[in-house]
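One letter stands for each residue in the lines below.
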Amino acid sequence: MGPITRIRWAAALAAALVALGTAAASPQSVTSLDVEWASADPGPLPLFFGTLTIGGTYTCTEPAGTTVLVSFTAIQIMPVALPSGAGNLSCGPGVVDAPWSLTSAPSQDVHYGYVSVLTSFNGVALPAEQFTA
């Protein structure tokens, strides 16, 4: 290996180490969501509409001013109800373990009882979770 090749190799190595150090020092954006509860608010009579609200905590350290999409579909049986909802959660450096909640569109079939919730957060489907609402 000649002196010019060594200099090029050393320069390339130094550039790679600087890039690696910069990448390691820059803050990583983190997004996470925990669904911790569900609450049913049935209509007072069968002809009125009720809602299902889900909530929990989330973290989103994306740049301030951005949002992430959250959507859910829930399944209740006896009688069958399929409430669903969607919304955006704010992001920023201080959004760590922040509380959130999302309410479904009004549905005539929402009732008290067991509910399975299928949630999507930032385009990623989360595992189904069961609650008593």
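Before any of the text, the structure's been laid out above.
Residues numbered from 1 in each chain as written. Predicted model: local features only at pLDDT ≥ 70, side-chain atom pairs only at ≥ 80, totals over all residues. Heavy atoms only, no water.

Student: Give a description of the overall build of the chain that names residues and reports values.
Tutor: Regarding its fold elements, the chain presents one helix and eight strands. Along the chain, helices and strands appear, N-terminal first, in the series α-β-β-β-β-β-β-β-β. When the 133 residues of the chain are sorted by exposure, 32% land in the buried category. Across the chain, every contact between residues at least 6 apart in sequence was considered, and the portion connecting residues at least 24 apart equals 66%. When the accessible area of the chain is evaluated, it comes to approximately 8,200 Å², of which 65% is carbon and sulfur surface. (Helix = DSSP H or I, 4+ residues; strand = E, 2+ residues; numbered from the N terminus. Buried < 20%, exposed > 50% of the residue type's maximum accessible area, 1.4 Å probe, protein only. Contact = heavy atoms within 4.5 Å. Areas by Shrake-Rupley, 256 points an atom, 1.4 Å probe, with all protein chains shown as cover.)

Student: So, the nonpolar core: which residues are in play, and what are the values?
Tutor: In terms of nonpolar packing, the biggest core is built from 24 residues, with Leu33, Leu52, Ile54, Tyr58, Leu89, Trp100 and Val115 touching the most fellow members. Every element with two or more residues in this core is listed here: strand S1 (31-41), strand S2 (51-60), strand S3 (67-75), strand S5 (98-103) and strand S6 (114-121). Among residues more than four places away in sequence, those in contact with Leu52 are Ser39, Ala40, Phe72, Ala74, Pro83, Leu102, Thr103, Ser104, Val110, Val115 and Ala133. (Core = buried A, V, L, I, M, F, W, Y, C linked by side-chain atoms within 4.5 Å.)

Student: I'd like a description of the sheet that holds S5, backed by residues and values.
Tutor: The three strands are arranged S1-S2-S5 in an open sheet whose pairing can be described as antiparallel. The sheet is open, and its two edges are formed by S1 and S5, each paired on a single side. Across this sheet, the average inter-strand angle for adjacent strands is 25°, counted without regard to direction. As paired elements, S1 and S2 share ten bridges and run antiparallel to each other. What sits directly across from Asp34, in S2, is Thr57. (Pairing = 2+ DSSP bridges. Axes fitted to C-alpha atoms, helices over the stretch in contact; angles between N-to-C directions.)

Student: Could you give an account of unusual backbone geometry, naming the residues involved and the relevant values?
Tutor: Note the cis peptide between Met78 and Pro79, where omega equals -5°. Along the chain, the position of Pro79 falls in the loop between S3 and strand S4 (84-90). At Met78, a residue that is not glycine, the phi angle is positive and equals roughly 60°. On the secondary structure map, Met78 appears in the loop between S3 and S4.

Take it as geometry only, folks, not as evidence of what the structure does.
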